[in-house]
Structures are given as structure tokens and as C-alpha cells.
Amino acid sequence: MCGILGVTNNNVNLDCFKSALEKLNHRGPDGDGIYQDQKLFLGHKRLSIIDVRNRADQPMVSECGNYVLVYNGEIYNYKELSKKYLSDQRFKSYSDTEVLLYLLIEKGKSIIRELDGIFSFAFYSILDNELLLARDRFGIKPLYYNMKEGASLCFSSEIKGIHAIVGEKELNEEQISEQIMFGYIAGEKTLFKNIKRLLPGYIMEFNVITCEKVTYSYYDKNVPIELSSERRCDVLNKVNSLLIESVNSQTMSDVPIGVMLSGGLDSSMLSSISSMLIKDINSFTISLTHEKYDEASYAKILAKDCSLTYNELKYQYADFDALFSKLTYFHDEPLRHINSLPIYSITK
């Protein structure tokens, strides 16, 4: 993952913005960068996956100097889109970031409907004074923002980045009961006043001079579902083909690939498919001290059958207290899944 941060029309100085960007250090240990003009700041923390050299660093500025992109995520079909729309473009890198930048320049916001991937990004057209924010259809990549009517816009991959700039940190008491009852808050509101989520599948257009804002969905959620008349075996084969295609598209990387293997159905299926597509995969499994809930033995069997390099980390319940406070800080809200703690241990 990466981290993005931005603020417009604000009296924030460079030191303040750098300090706020440092709040996202854990999202991008491989590099960082800041773009600044008289109208805004844009910042980025990079976790390098595709084209790890610094020519793919962000914020990425177009060759003409009129457009800037900060982006968190991965576009799985960026090569296909580049071939389709950018055949004459000369690239300085082979990253999906640069392809996304020039797709937005050449095709505008309409290209977002064609993106297959997980993403949140901010695209700045300097001459038009327009800032475009967008988030993937399922909201895999987070994007929060703060805006007071007719004032500046501040946005970030995490709420703490916004707090570091605007200085306000007031609980939204109306949402506390919803958080306690369901474990999350539906829609665009958060636990903090004046901080909202950009909803999954949404675009925000913001003019950095007039502060006019428009937010809308960029895809149709009401696509009719056609019931299949195919035989059961044909449907199963089709699902299997789609799964293989999906895993294959999501394993593009210039760094080693690993799988989190719990021993359950989902991770076992994905690990099995990955092992058919890629050689020398490391699997990572959490082992629990309570035998009733420990599935490491199943993970070990699958790792052996799929020729994965098996790595096991024993999770100690004594670690709970120390990890709980740290993860609450990272999440910016109450933890909703107890498995967040062992997952953090294994990713660390």
C-alpha cells in the first residue's frame, strides 16, 4: 500500500505538511515526495511493487508540467489500456502510475470506468485549477477528506493525516451508537466531525480557486443479473477460469510475492492457484496457542502439497495489549476484527 495526502487553499507551510505526511510513514517505507504550488500541496508515501526505481516515484508530474498525480493502489489492466489508448506515448517508466497519469490526461475522467484494480488517487490539472479524486468500486483503498463550506479541501489515506493539518479532533457523537452496534459506520460519515469518506465508486471534482465541489458515482450499480442456463459443470469451469484470471492479474510484481495462508477455504484456494502461476512462493501462517482455534496444521499440509515455502509465526496472547493500542492508532477507529492483531504481526 501507499499513502496520499493533499491540502488546498490553505495557510499550511511546508514543515507542517511534511509533519502530516510523516503520519503515513507506515504506508510507504520505500520513498516519499511532495508537490507544491501556490494553490495546494500534494504528498505521497511509496511502497514499491511495479518498477521499483525512482523514475516511478510520486507525486508524478507530466512531461508538459501541467498535470500531477498521487496514487495509492494497482491498476491490473494498465498494460491493456496503455496499448489501447497510449500507443504513441513515450514513457519514462513501466509503472502503472505513469500509465494512469497519461490515461487521465488523454481520456479524462471517463477512463475511470475502464480501470480494473484497487485505487484511490488525486489528479491535478494545473491550468484548469481542477482537482479530481476517485476511489475504486469496492472501496478497497481508503480516502478521507475534510472540507468546510467554501473553504479548503484536505484529503488523506488515513484520518490522522487530516488531523495533523486541520488540528480538529472532535468525536461525532451521533455515530457512536452505530459504531458500537454494527462495528462500523455506513456511508460517508466517520467517528469524527467534519471528516468524511469518499464513497466507493465515487469521484469528487474540486476547483482549487472557487472551492466548488461535486461528488458523484462513476458506475452503474444496478446492472441486471442474467440467470445462467448453463450446466453446473460449465458454470464451475467458468468460475474456476475467472478465479485464475483474477489471481493472475493481481500477481504482477517486481518484488517477491507471498501468500497469507490461514488453512481456511479462501486462503487455501488462492494459495493453490498462485502456486500454479508462480514459482518460489512463500506462505505465511499464524499459529495460535489455543489448539481449538489453531488451523496451522491445515496450512502446513496445503503448503507442502503446493510446494510453498512454509513460514509460521506463533501468536502469543500476551502480545494483545501492546498491539491493541498500536493498531487502534493505525486504524483511526475501534478495531472491528480481532484477527487484525495477528495479521499485523505477520505483515510486520
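Residues numbered from 1 in each chain as written. Predicted model: local features only at pLDDT ≥ 70, side-chain atom pairs only at ≥ 80, totals over all residues. Heavy atoms only, no water.

A. Looking closely at the overall build of the protein chain. Counting secondary structure elements, the protein chain contains ten helices and 15 strands. Over its C-alpha atoms the protein chain spans a radius of gyration of 22 Å, differing by no more than 12% from the 20 Å that the globule rule assigns to 348 residues. Counting only C-alpha atoms and orienting by the principal axes, one finds that the protein chain spans roughly 60 × 50 × 45 Å. For the protein chain, the residues scored as buried account for 43% of the 348 residues in total. Across the protein chain, the fraction of contacts at a sequence separation of at least 24, relative to all contacts at a separation of at least 6, is 59%. As displayed, the protein chain has an accessible area near 19,400 Å², and 51% of this comes from carbon and sulfur atoms. Across the protein chain, the 39 positively charged side chains and the 46 negatively charged ones have centroids separated by 1 Å. (Helix = DSSP H or I, 4+ residues; strand = E, 2+ residues; numbered from the N terminus. Rg over C-alpha atoms; globule rule 2.2 N^0.38 Å. Buried < 20%, exposed > 50% of the residue type's maximum accessible area, 1.4 Å probe, protein only. Contact = heavy atoms within 4.5 Å. Areas by Shrake-Rupley, 256 points an atom, 1.4 Å probe, with all protein chains shown as cover. Lys, Arg positive; Asp, Glu negative; His and termini not counted. Charge placed at Lys NZ, Arg CZ, Asp CG, Glu CD.)

B. Summary view of empty space enclosed by the protein. Under the counting rule described, the total for this entry stands at one cavity of 30 Å³ or more. Taken together, Tyr145, Glu188, Arg197, Leu198, Leu199, Tyr202 and Thr215 form the lining of the largest cavity. Residue classes in the lining of the largest cavity are distributed as four nonpolar, one polar and two charged. (1 Å grid on protein atoms, 1.4 Å probe; cavity = no way out; pocket = protein on both sides within 12 Å on 5 of 7 lines; lining within 4 Å. Points joined across faces, edges and corners; volume = space filled by probe spheres on them. Nonpolar A, V, L, I, M, F, W, Y, C, P; charged D, E, K, R; others polar.)

C. Region of interest: the packing of aromatic side chains. Taken as a whole and judged by the stated rule, the model has nine aromatic pairs. Between Tyr35 and Tyr124, the aromatic rings sit 6.2 Å apart at their centres with planes inclined by 65 degrees, giving edge-to-face as the arrangement. Pair noted here: Tyr35 is in strand E2 (residues 31–36) and Tyr124 is in strand E6 (residues 117–125), with a separation of 89 residues, a long-range link. Look at Tyr35 and you get buried, because its relative accessible area is 16%. The class of Tyr124 is buried, set by a relative accessible area of 0%. Three or more aromatic residues joined by ring pairs make a cluster, and in this case those are Tyr329, Phe330 and Tyr344. Here the basic side chain of Arg137 rests over the ring of Tyr219, its NZ or CZ set 5.6 Å away from the ring centre. Here the basic side chain of Lys160 rests over the ring of Tyr329, its NZ or CZ set 4.7 Å away from the ring centre. (Phe/Tyr/Trp six-rings, centres within 6.5 Å; stacked < 30°, edge-to-face > 60°. Lys NZ or Arg CZ within 6 Å of the ring centre and 35° of its normal.)

D. Looking closely at a nonpolar patch on the surface. On the surface, a cluster of nonpolar side chains totalling about 280 Å² of accessible area is made up of Leu171, Ile176 and Ile180. One can find Ile180 in helix H5 (residues 176–182). (Patch = residues over 30% accessible without salt bridge, like charges linked within 9 Å, V, L, I, M, F, W, Y side chains within 5 Å. Salt bridge = Lys/Arg side-chain N within 4 Å of Asp/Glu carboxyl O.)

E. The arrangement of the sheet that holds strand E4 (residues 60–61) in detail. Overall, antiparallel pairing links the six strands, which are arranged E4-E5-E6-E7-E11-E12 in an open sheet. With partners counted over all chains shown, the strands left at the sheet margins are E4 and strand E12 (213–217), one partner each. The sheet strands contacting helix H3 (residues 96–107) are E4, strand E5 (67–75), E6 and strand E7 (130–135), and the helix crosses E5 at an angle near 125 degrees. (Pairing = 2+ DSSP bridges. Axes fitted to C-alpha atoms, helices over the stretch in contact; angles between N-to-C directions.)

F. Quick look at the packing of helix H2 (residues 78–85) against H3. Look at H2 against H3: their axes get within 10 Å of each other, and the N-to-C directions meet at 40 degrees. Looking at the two axes, H2 sits oblique to H3. Helix-helix and strand crossings are classified by hand; for H2 and H3 the assignment is left-handed. Facing H2, whose interface residues are Tyr78, Leu81, Ser82 and Tyr85, H3 presents Asp96, Val99, Leu103 and Lys107. (Parallel < 35°, antiparallel > 145°, perpendicular 65-115°, else oblique. Left-handed = near helix turned anticlockwise from the far one by under 90°.)

G. The arrangement of the packing of helix H6 (residues 232–249) against helix H7 (residues 265–277) in detail. Interaxial distance between H6 and H7 falls to 10 Å at its minimum, and their mutual angle equals 70 degrees. In terms of axis orientation, H6 runs roughly perpendicular to H7. Viewed along their axes, H6 and H7 form a crossing whose handedness is right-handed. When H6 is examined against H7, the residues Leu243, Ile244, Val247 and Asn248 are found in contact with a partner set consisting of Met269, Leu270, Ile273, Ser274, Met276 and Leu277. For the contact of H6 with H7, a count of residues per class yields eight nonpolar, two polar and no charged.

H. Just the layout of surface pockets, in detail. One number sums up the size of the second largest pocket: a volume of about 500 Å³. Every residue lining the second largest pocket is counted, 19 residues in all, and those nearest its centre are Ser262, Ile286, Leu288, Asn339 and Pro342. Counting residues per element, the ones that place at least two in the lining of the second largest pocket are strand E14 (282–288) and helix H10 (340–347). Partitioning the lining of the second largest pocket into residue classes produces 14 nonpolar, three polar and two charged.

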